Amino acid sequence: MSTMSSPVIALPDASWLRDRARAALATLGAEPALGDPAAPGLPASTPITGEVLFRVAESTPSDVDAAVDRAARAFTAWRRTPAPVRGALVGRLGELLTEHQDALARLVTIEAGKIGSEARGEVQEMIDVCQFAVGLSRQLYGRTIASERPGHRLMETWHPLGVTGVITAFNFPVAVWAWNAAVALVCGNTVVWKPSELTPLTAIACQTLLERAAADVGAPAEVGRLVLGGRELGEALVDDPRVALLSATGSVRMGREVGPRVARRFGRSLLELGGNNAAVVTPAADLELAVRAIVFAAAGTAGQRCTSLRRLIAHRSVVDTLVDRIAAAYRSLPVGDPFAPDTLVGPLIHETAYRSMVGALETAAADGGEVIGGRRHDSPTECFYVSPALARMPAQTTIVHDETFAPVLYVVAYDTLEEAIELNNAVPQGLSSAIFTTDLREAERFLGPDGSDCGIANVNIGTSGAEIGGAFGGEKQTGGGRESGSDSWKAYMRRATNTVNYSSELPLAQGVQFG
Ligand code: UN1
């Protein structure tokens, strides 16, 4: 892997980015105090140039306490508000997001470095989940169960849980909040959000729109609160007994701390942690389709999705062709300014991400891997633009078991489908997986009980880019949580089992006689 060997890439300057950020915030109606980069406060920076654009007010742990207090008070009324009325708030939020999709997407590009289409797609994901949640607000169904006793009705009812703490990561700075907030709010919970400290402006924008939606429908603004800052704010949420559910997206290391700490106070947690996602390509695959899917999944978002493709498990008969085609596609991928219309690969989030990519590729080479691509592009400021890398490995060595949050795709060859599935499942994480095949038997085997052990298993689709309608999350070290669609809402509510005796007798269950 060589450094700084490619031509200097053209980037916008910080003042242009500042103007765009200011304009986007103004369009949305957000008016935060945007301090000078040299002033104190939380830095609002951009990976596009690696510079601090502004400083914004940083919250303290006592602000978290106040935010939870307000959210807890708001909960007492919000839980009594009929669910379809709660749905109206989320419906209005969805309308405002639609109206301001471009402005919000521009902020996502500035803070997370996503290309325009992916940034808009992320906002679309918010709009989609709002629509889903509006429908859900009329479908929070419980069951009625046949009672063994005459004159008795046995049923389950679902009730709001309380304050939901939401901790999100830089790479989906707005969509993951929306997955949680939209569903939590229709379920009757209130929300306190701590976004990544790397993306405060997008969070301020979302909070502004939520408060506008609340004002428009006559809901209390306190149903959604925002705190901005780092780790100690997250810890305050984790340890606060008033936070009934803590939904956290981030690394396995973070989850290892959050899970037990929340459990110690008997709180609930919903964890969406690391992935180490693989695609199996069999001899029966449509290779053309597979290559397109693999390139988007591995190189899209500069490999910075939790669902990004990190491992390619290719049948020995197709591995050479695949590597050649992917390498060729990688060579032609435009890397650079995410605002430039042709760019497909934007910047890495920061230097640490770049260093971990360099380290992973060095280890892969030391393990006998052949590294193709992965060079850093020369840029005028301290930012990190890389070409995606392939690493052909002799086996799934230790480094392949780690998640490196950068565009590194390890390639291993297999001989039997059995072996491919074993390789797929051999890592500690269990988020997403895919098989490329036109053979029904292979596909069904991969989706079956002894197939992929991941929360997401796809056929002829990459590992990333899930729709909001399905439940999103994964097994093993990915944390086991499910967010967004399907019946994920159940994690945000408490279930009560109710037995109603409408007879004038008192029969005991299990035929017990007592006096
Ligand atoms: C994440 O990277 O944390 O499936 C979420 C996807 C997106 C969500 C990714 N819908 O890639």
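The rules behind the values
- Residues numbered from 1 in each chain as written.
- Predicted model: local features only at pLDDT ≥ 70, side-chain atom pairs only at ≥ 80, totals over all residues.
- Heavy atoms only, no water.
- UniProt positions renumbered as here; feature names shortened; annotations may be inferred.
- Helix = DSSP H or I, 4+ residues; strand = E, 2+ residues; numbered from the N terminus.
- Rg over C-alpha atoms; globule rule 2.2 N^0.38 Å.
- Buried < 20%, exposed > 50% of the residue type's maximum accessible area, 1.4 Å probe, protein only.
- Contact = heavy atoms within 4.5 Å.
- Areas by Shrake-Rupley, 256 points an atom, 1.4 Å probe, with all protein chains shown as cover.
- Axes fitted to C-alpha atoms, helices over the stretch in contact; angles between N-to-C directions.
- Parallel < 35°, antiparallel > 145°, perpendicular 65-115°, else oblique.
- Left-handed = near helix turned anticlockwise from the far one by under 90°.
- Nonpolar A, V, L, I, M, F, W, Y, C, P; charged D, E, K, R; others polar.
- Phe/Tyr/Trp six-rings, centres within 6.5 Å; stacked < 30°, edge-to-face > 60°.
- Pairing = 2+ DSSP bridges.
- Expected span 1.5 Å × (residues − 1).
- 1 Å grid on protein atoms, 1.4 Å probe; cavity = no way out; pocket = protein on both sides within 12 Å on 5 of 7 lines; lining within 4 Å.
- Points joined across faces, edges and corners; volume = space filled by probe spheres on them.
- Domains from an automatic or database assignment.

Going by an unreviewed UniProt entry, the protein carries the name aldehyde dehydrogenase (NAD(+)) and comes from [Mycobacterium] wendilense. One UniProt comment on the protein, placed under Sequence similarities (unreviewed entry), says "Belongs to the aldehyde dehydrogenase family." Taken verbatim from the UniProt record of the protein, the Subunit (unreviewed entry) comment is "Homotetramer."

(A) Representation of the overall build of the protein. Across its full length, the protein carries 14 helices and 23 strands. Scaling as 2.2 N^0.38, a compact globule of 515 residues should have a C-alpha radius of gyration of about 24 Å, and the protein matches this with 24 Å. Reported as C-alpha extents along the three principal axes, the dimensions of the protein are approximately 85 × 60 × 35 Å. The buried share of the protein, taken over its 515 residues, is 55%. A separation threshold of at least 6 residues defines the contact pool for the protein, and within that pool the share at least 24 residues apart is 75%. Summing over all exposed atoms, the protein offers an accessible surface of approximately 20500 Å²; the carbon and sulfur share of this is 52%.

(B) View of the packing of helix α2 (residues 61-78) against helix α8 (residues 231-239). Following both chains from N to C, one finds α2 and α8 inclined at 40°, their axes separated by 9 Å at the closest point. It follows from the interaxial angle that α2 and α8 lie oblique. Between α2 and α8 lies a crossing of right-handed hand. Between α2 and α8, the contacting residues are P61, V64 and V68 on the first element and E232, L233, A236 and L237 on the second. Counted by class, the contact of α2 with α8 contains 6 nonpolar, no polar and 1 charged residues.

(C) Here's a closer look at the UniProt feature "active site" (unreviewed entry) in the protein. Sites flagged by UniProt as "active site" (unreviewed entry) map to E272. Within the secondary structure layout, E272 lies in strand β9 (residues 268-272).

(D) Layout of the packing of aromatic side chains. Here the structure, examined in full by the defined rule, presents 6 aromatic pairs. Taken together, a centroid distance of 5.3 Å and an interplanar angle of 85° make the contact between W16 and F339 edge-to-face. One end of the pair, W16, is in helix α1 (residues 14-28); the other, F339, is in the loop between α11 (319-331) and α12 (351-366), and 323 residues separate them in sequence. Exposure remark for W16: the relative accessible area of 35% places this residue in the partly exposed category. Pairing W158 with W489 gives two aromatic rings, centres 5.2 Å apart and planes at 70°, and the pair type is edge-to-face. Here W158 is found in strand β4 (residues 152-160), whereas its partner W489 is found in the loop between β22 (483-484) and β23 (493-501), with 331 residues between them in sequence. W158 gets classed as buried once you look at its relative accessible area, which sits at 12%. Assessed through its relative accessible area of 6%, W489 is described here as buried.

(E) How the structure looks around the sheet that holds β4. Judged by pairing direction, the sheet is antiparallel, and its 3 strands sit side by side in the order β3-β4-β23 without closing on themselves. With partners counted over all chains shown, the strands left at the sheet margins are β3 (144-145) and β23, one partner each. Strand direction decides the pairing type here: β3 and β4, joined by 2 bridges, are antiparallel. Along β4, the bridge assignment pairs I145 with L154.

(F) Fine view of the sheet that holds strand β6 (residues 190-194). One open sheet holds the 5 strands; their spatial order is β7-β6-β5-β8-β9, and the pairing between them is parallel. Each end of this open sheet is capped by a strand with a single partner; those strands are β7 (224-226) and β9. Direction aside, the axes of adjacent strands within the sheet are offset by 15° on average. Alignment of strand β5 (residues 163-167) against β6, held across 5 bridges, turns out to be parallel. Along β6, the bridge assignment pairs T164 with V191. The strands that helix α9 (residues 252-264) touches are β8 (243-249) and β9; relative to β9, the one it contacts most, it runs at about 165°.

(G) Structural view of helix α7 (residues 200-217). With 18 residues, α7 extends 26 Å between its outermost C-alpha atoms, agreeing within 8% with the 26 Å of an ideal straight helix rising 1.5 Å per residue. Counted residue by residue, α7 has 13 buried out of 18 residues, so it is predominantly covered. Just downstream of α7 lies G218, where phi reads positive at about 75°.

(H) A look at empty space enclosed by the protein. Taken as a whole and judged by the stated rule, the model has 1 cavity of 30 Å³ or more. A112, G113, K114, I115, E118, F170, N171, T301, A302, Q304, G346 and P347 together form the lining of the largest cavity. Taken together, the residues that form the lining of the largest cavity break down as 5 nonpolar, 5 polar and 2 charged. Counting the residues that make up the lining of the largest cavity, at least three belong to each of domain 2 (60-273 + 479-497) and domain 3 (277-459).

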